[in-house]
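Here's the letter readout for the chains.
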Amino acid sequence: MAEKQQGFGADVDVSHLCCPVCLDVLREPVSLQCGHSYCRGCIEGCWDQNKDQDQLSCPQCRESFSARPVLKTNTVLAEVVERLRRTSTEQVSPSLACAGPEDVACDFCSSARRNKATMSCLTCLASYCPAHLEPHHRVPVFKTHQLVSASSPLQDKMCKTHHKLMEVYCETDRMCICYLCTVDAHRQHRIWSAAAKRAYEQRQLIVNQKAVQARFQEREMERSKLVQAMKDFKSGCQTAVKSIDDISDELVSEIETTCISVNTLLKVQEKKAIASAEGLQLQLEKEITKLRRRDKDLERLSHTDDHVHFIKTFQSLSTSCESRDLPLSAVVLPRRSMETVTDRVSELRDDIRRLLKSALPKISATVSAIDVVLPPEPKTRGEFLCYYSALTLDANSVSQMFSLSQEYRRVTSHYSSQYHASHPDRFNSARQVLCREALSERCYWEVSWSGCTWSVAVSYKDISRTSSQFGDNNKSWSLECSSGGYTFRHNSRSVAVSGPKSNRVGVYLNYKAGTLSFYSISDSMTLLHKEKTTFTQPLYPGLGLKSCTCYRCHAEVMKLW
C-alpha cells in the first residue's frame, strides 16, 4: 500500500485533470451539477461573457441552469491536482524557466508569468515549454509534426501578407517568403526552398568560419605580443622611475634653492605692485575729495543772487581740478593676478642644473610682466578700431532666400529661393547667415543695413538651423534694427533700446569680460545697449532678416580698412 501511495500519479493521464476551457491543469477546481469540473476563474469568465443570456449552461454538455450555480471547490480533485502538480514540478521544474524580455514565451502557459519556450512546432504554429511539449513526444499524431528550436517568435517567421509560414527564399529580392508569394508578388523570381538555401549558406558559413578562426589565431598571436610588449614597457617604466628618483634626490637641494628665489621674487613684485596700486588709490581719494569740494562750491554758487559774484566765482570754478597724472579712463581689475609659474625639468641631470640657472631669468621676466590692472575699455571710435576684426560671411550657412556678394561681406534678400548646395550648417527656414570666424577675444566690427528689419547678432555654432531665429534662444544675442528703432533680444527676452537712428551699427565684444556692446555709428559713436553675461563657447557674428516689405534689401559687414 505504501508503495502505491509513493508512486501516486505515475500512471495518471494528465488530460483527465485539465480544464476544458484553458486546457491547462485545473486551478482551484470546481464541479457543476452535471459533474463536469473547471477552473473557478475559467467557468466564471465564460458565464460573465454570456451574462446577457437568460440561462447559463455547461460549456461541455450544454446542460442549462435556471439560476447561476453556487460554485464550490472540489476538495478531492483539488488535492489530486495539487499532489500531481508537486510531482510534476519535482520532475520537470529543473528544465523550466520564466520567459525573459528577449525569450520566446510558451503559448500554452496560462499563468501571469509564462515559461520560456524551448521548441516551436511548424505544424501547430505554436511554441512550447518542456512541460507543454510532452504530448508531441507521447501522442502518435503529434510525433509527425516538425519541431525547431524556439530561437525567435513564430510571428517573425510568418508572411505578413498571406499569414503563412515562410518556407521559401527569393534570391531576386533577397528575402524569405511563403509559397503563396511565389505565385503573387515574386512570380518569375529566382526561388530557393529554405532548406536548400540553408544548405548553400551552410557551406559559406564553413568557409567564413575557417577564415574567422584563422583571423582569431592571428589576433591571439598579436595579443600575446602586445602583452609581452606591455610587460617590457612596464619594466622599462619602473627602471626609468627609479632612475628619475635617484636624479631627483640629487636635485632636491638645488630645486629648493630655486623655489626660494622664485618666492622671494614674487613677494618683491607683490610689494611693488601693491605699493603702486596704493599710491594710485591715494591719488584717487585726493581727487575724489577735490571733486566733492568742487561740487559743493558749485551747488552753493547756483543759489547766489549776486550776479557779479556769480560770474567771477564761476570763472574760477570752471577750471578743471583733476590731476593730469591720473589715467583718463576707469581702473579695470584683472581677472587673474598672476600667471602660472612652472618648473622645467630636463632628462639629464647636468642639463637640468643648467636649465634651472637659465630658467630663473625667464621666470623673473614672466613675473615682472604681470600688470596690476587691465587695459581700459576703448572710448573713442579710433580706440575701438584697434580691435577691428575682418569678417566674412559663411556660404555654407546662408539661407536659400539670400545671395552673397563676391567678397562674402554683403547679403541680399530675394523673394524667391536662390540656389545653394545642401549643407548641415545652412539655415532652412530663418533668413539668417553666420560668419566664418569664431571670436573669443576682444573684437570690433560694424554692420550697415538698408530697408526692413535686420538682426545684428552673435551666436554659438550649435544654434538650431531649422526654426530658431537670432535672439529667440539662449545661444544667441541680437539687436534688431529698423527705421522705427532698436530692440535687443536674448532667450526670447525683448528690451526696447533708445538711441540715435542710424543705418550703421558697431559691435564690440569683450569675450573674457563677458560684455557685448552695440553702438549707433554716425558722426558720433553712441552706446545703444551693453549686455553682461558669461560666454561658454566661441561666438560667431551673424545677420538675420526679421521682416521684409521691399525688394532686394541688404546688410553688409563693413570693411573698415
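Residues numbered from 1 in each chain as written. Predicted model: local features only at pLDDT ≥ 70, side-chain atom pairs only at ≥ 80, totals over all residues. Heavy atoms only, no water.

1. Description of the overall build of the protein chain
Helix and strand content of the protein chain: nine helices and 23 strands. Buried positions account for 30% of the 561 residues belonging to the protein chain. A separation of at least 24 residues holds for 55% of the contacts in the protein chain among residues at least 6 apart in sequence. (Helix = DSSP H or I, 4+ residues; strand = E, 2+ residues; numbered from the N terminus. Buried < 20%, exposed > 50% of the residue type's maximum accessible area, 1.4 Å probe, protein only. Contact = heavy atoms within 4.5 Å.)

2. Things to note about the sheet that holds strand β6 (residues 126-128)
Taken together, three strands build an open sheet; the order of strands is β6-β5-β7 and the sheet is antiparallel. Unpaired on one side and paired on the other, β6 and β7 (147-149) mark the two borders of the sheet. For this sheet, the mean inter-axis angle between neighbouring strands, taken without regard to orientation, is 35 degrees. Two elements, strand β5 (residues 119-121) and β6, share three bridges in a ladder whose sense is antiparallel. Bridged to Cys 121 within β6 is Ala 126. Lying on the sheet, helix α4 (residues 130-138) is in contact with β5, β6 and β7; it crosses β6 at an angle near 110 degrees. (Pairing = 2+ DSSP bridges. Axes fitted to C-alpha atoms, helices over the stretch in contact; angles between N-to-C directions.)

3. Some points on the sheet that holds strand β10 (residues 191-193)
Spatially, the three strands line up as an open sheet ordered β9-β8-β10, and their pairing is antiparallel. For this open sheet the edge positions go to β9 (175-177) and β10, each flanked by a neighbour on one side alone. Across the sheet, the mean angle from the axis of one strand to that of its neighbour is 35 degrees, orientation sign disregarded.

4. Considerations on the pairing of strand β15 (residues 453-459)
Within a regular strand, the side chains alternate between the two sheet faces. Burial analysis of β15 places seven of its seven residues in the buried class, which makes it a mostly covered element. Residue alternation in β15 divides its side chains into two sets, Thr 453, Ser 455, Ala 457 and Ser 459 and Trp 454, Val 456 and Val 458, and both sets are buried. Bridge analysis of β15 against strand β22 (residues 540-547) gives seven bridges, and the strand direction is antiparallel. Directly across from Ser 459, in β22, lies its bridge partner Tyr 540.

5. Overview of the pairing of strand β16 (residues 476-482)
Burial within β16 is extensive, with seven of its seven residues counted as buried. Linking β16 back to strand β17 (residues 485-490) in an antiparallel pair, the connection comprises two residues.

6. Some thoughts on helix α2 (residues 40-49)
Here α2 has its buried residues at Arg 40, Cys 42, Ile 43 and Trp 47. Check the buried side of α2 and you find it contacts β1 (29-31), β2 (37-39), β3 (56-57) and β4 (64-65).

7. Digging into empty space enclosed by the protein
In the structure shown here, the tally under the stated rule is one cavity of 30 Å³ or more. Considered as a void within the structure, the largest cavity measures approximately 30 Å³ in volume. Among the elements that take part in the lining of the largest cavity, β22 stands out by supplying three residues, more than any other. (1 Å grid on protein atoms, 1.4 Å probe; cavity = no way out; pocket = protein on both sides within 12 Å on 5 of 7 lines; lining within 4 Å. Points joined across faces, edges and corners; volume = space filled by probe spheres on them.)

8. Notes on a nonpolar patch on the surface
Together, Leu 298, Phe 310, Ile 311 and Phe 314 make up an exposed nonpolar region whose accessible area comes to about 350 Å². Of all the elements, helix α7 (residues 307-317) adds the most residues to the nonpolar patch, at three residues. With respect to the helices and strands, Phe 310 occurs in helix α7. (Patch = residues over 30% accessible without salt bridge, like charges linked within 9 Å, V, L, I, M, F, W, Y side chains within 5 Å. Areas by Shrake-Rupley, 256 points an atom, 1.4 Å probe, with all protein chains shown as cover. Salt bridge = Lys/Arg side-chain N within 4 Å of Asp/Glu carboxyl O.)

9. Observations regarding the nonpolar core
Membership of the largest hydrophobic core comes to 37 residues, with the highest contact counts inside it found for Trp 445, Leu 479 and Phe 518. Of all the elements in the fold, those that place two or more residues in this core are β14 (442-450), β15, β16, β17, β19 (504-510), β20 (515-521), β22 and β23 (554-557). The element contributing the most residues to this core is β14, with four residues. The contact partners of Trp 445, leaving out residues within four places of it in the chain, are Ser 389, Leu 391, Leu 439, Val 458, Val 505, Gly 506, Val 507, Leu 509 and Pro 541. Membership of the second largest hydrophobic core comes to 18 residues, among which are Tyr 38, Cys 42, Ile 43 and Leu 56. (Core = buried A, V, L, I, M, F, W, Y, C linked by side-chain atoms within 4.5 Å.)

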